[in-house]
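Descriptive structure summary
Residues per chain, in single letters:
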There are 2 protein chains.
Amino acid sequence: MVADVRVIEELKAAILRGDFAPRQRLVEIELCEQFDASRFAVRAALQALEADGLVERQRNRGARIREIGIDEAIEITEVRQVVEGLIARRAAERVSDAEAESLAAIGRAMHAAVAAGEGVEYSDLNARLHASLRDIARHEKANGIIAHLHGQMVRHQFALSRVPGRSKVSVVQHQAIIDAVIARDGDAAETAMRAHIASVADALRGIG
Amino acid sequence: MVADVRVIEELKAAILRGDFAPRQRLVEIELCEQFDASRFAVRAALQALEADGLVERQRNRGARIREIGIDEAIEITEVRQVVEGLIARRAAERVSDAEAESLAAIGRAMHAAVAAGEGVEYSDLNARLHASLRDIARHEKANGIIAHLHGQMVRHQFALSRVPGRSKVSVVQHQAIIDAVIARDGDAAETAMRAHIASVADALRGIG
DNA sequence: ACCGACAATATTGTCGACAATACATGGTTC
DNA sequence: GAACCATGTATTGTCGACAATATTGTCGGT
């Protein structure tokens, strides 16, 4: 209950990996076998993941994978827009010289990856950039909310990375964020980040 | 576990009412007696409130009321600043004529309450204004996050309302938000809301 | 063939009992 | 007298069994 972190993490990883389809039922006994755990641990994990927004439960009807539609994904992105804007601002206010250089290096690697057409490499760097900014900002509440929202977005994030030409656009936006942070310009960093995520939201609207 | 909503709500209400001191231990059996519930229901409630950020639990050590220090309260307020900014913007974009008039009425009542020195009445109207904006914005994700953060702020919110002269300042800010929303000016509404909550953050920093 | 009522099955919800753990107490040794 | 270990107690963690509920399948009637 406080409990078996292993089951929680394995189940969460499985969901994020896409092992389960949206709205698929999660029968407790089946999960017990799959993860070799007691029903108790499984229930605790389901409850934890419900709080995470990854599964939904109805009384006496059990748990199922929560389906996150395009509308909800857009709402999530709108919130991310402002919260990551806050993070970017704080990062610009607090970044050290060493951290600034590290960000610049990520920017160079991104340009290289786009030039080489390395899609997965680029999306990896994308994740690293955002994570670095969170580390630099050290804003626990904001970081926690982003982590929470991110878990619900994986499926759509994947769909987005398949949209052709996106990396060409976003690399420019990423560079603007990096430049603003290195220049210690909080206003510019927030603006750049918001513009970046606004274009993500637009891309989502394009899919829907 | 999916469970006994009554216990969850009663316990939550008790915490928000301030029946328990920060860092006070919550012994399961005592709560069973207090709320006339099984240990099972109490555990489920504790787990739910842990997800709410109101209690913290350590393995084999039980639950206690989570203490939210001034630093954390400031972080919460910073996040609120940008998320409520988003809400204000959306409210300005979507407000109907009837809703606009209702907001204007709240504004008039606020001026009256401040003029009459009605402190509790004013803080009531304050809550109603923010709630109305959330209703108008209809942004589920943003509203959910605000609700979540609000629960953790009650104690500090109370402390703030005791700061002399705050209502005189904030009534002007509130009016600016109302005017911007009624004018359907999203940019202005977001700016006004951010300025308002920035002053709340400053007041918190003043306390600490 | 279709619909409703009823029975059978599958699945989840709840409880009580016990195990595991942390904390307090007191006693022993140096 | 202080530090350390052993014992006891309070509290939480886990499990298995059973109850409650939903879902599926079957049958008879129309």
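These figures come from a predicted structure and were not determined experimentally.

**Quick look at helix α9 (residues 186-207) of chain A**
Think of an α-helix as 3.6 residues a turn; residues three or four steps apart then line up on the same face. Its 22 residues place the ends of α9(A) 32 Å apart at the C-alpha level, agreeing with the 32 Å of an ideal helix rising 1.5 Å per residue. Structurally, the start of α9(A) carries an N-cap: the backbone nitrogen of A:Asp187 is 3.3 Å from a side-chain oxygen of A:Asp185.

**Here we look at the packing of helix α5 (residues 97-116) of chain A against helix α6 (residues 119-137) of chain A**
All names here are of chain A. One way to put it is that α5 packs onto α6 with a least axis distance of 9 Å and a crossing angle of 165°. Compared by their axis directions, α5 and α6 come out roughly antiparallel. As for the relative orientation of α5 and α6, their crossing is left-handed in sense. Residues Glu99, Leu103, Ile106, Ala109, Met110, Ala113 and Val114 of α5 touch α6, and the partners they reach there are Glu121, Tyr122, Leu125, Asn126, Arg128, Leu129, Ser132, Leu133 and Ile136. In the contact of α5 with α6, the residues fall into 11 nonpolar, 2 polar and 3 charged.

**Some thoughts on the relation of the copies chain B and chain A**
Taken as rigid bodies, chain B and chain A are interconverted by a rotation of 180° and an axial shift of 0.0 Å, the fit giving an RMSD of 0.1 Å. Both copies are brought into coincidence by an operation consistent with a two-fold rotation axis. Most of the interface of chain B is mirrored in chain A, where 100% of its interface residues again form contacts.

**Description of the sheet that holds strand β1 (residues 25-26) of chain B**
Strand pairs in the sheet, formed through backbone hydrogen bonds, run parallel or antiparallel to each other. All names here are of chain B. Read from one edge of the open sheet, 3 strands run β1-β3-β2, paired in antiparallel fashion. Strand pairing shows two members of the sheet lacking a second neighbour, β1 and β2 (55-58), which therefore form its edges. As defined by bridge partners, β2 adjoins strand β3 (residues 62-65) across 4 bridges and the pair is classed as antiparallel. When the sheet's bridge partners are listed, Gln58 is paired in β3 with Gly62.

**Quick look at the pairing of β2(B)**
A regular strand carries its side chains on alternate faces of the sheet. The alternating pattern of β2(B) places B:Val55 and B:Arg57 on a buried face, while none of B:Glu56 and B:Gln58, on the opposite face, is buried. The antiparallel hairpin formed by β2(B) and β3(B) contains 3 residues in its connecting segment, where B:Asn60 sits at a positive phi of about 65°.

Each value, and the rule that gives it
Residues numbered from 1 in each chain as written. Chains lettered and ligands numbered in written order. Predicted model: local features only at pLDDT ≥ 70, side-chain atom pairs only at ≥ 80, totals over all residues. Heavy atoms only, no water. Helix = DSSP H or I, 4+ residues; strand = E, 2+ residues; numbered from the N terminus. Expected span 1.5 Å × (residues − 1). Polar contact = N/O pair within 3.5 Å; in protein donor to acceptor, adjacent residues only side chain to side chain. Axes fitted to C-alpha atoms, helices over the stretch in contact; angles between N-to-C directions. Parallel < 35°, antiparallel > 145°, perpendicular 65-115°, else oblique. Left-handed = near helix turned anticlockwise from the far one by under 90°. Contact = heavy atoms within 4.5 Å. Nonpolar A, V, L, I, M, F, W, Y, C, P; charged D, E, K, R; others polar. Least-squares fit on C-alpha atoms with pLDDT ≥ 70 in both. Pairing = 2+ DSSP bridges. Buried < 20%, exposed > 50% of the residue type's maximum accessible area, 1.4 Å probe, protein only.

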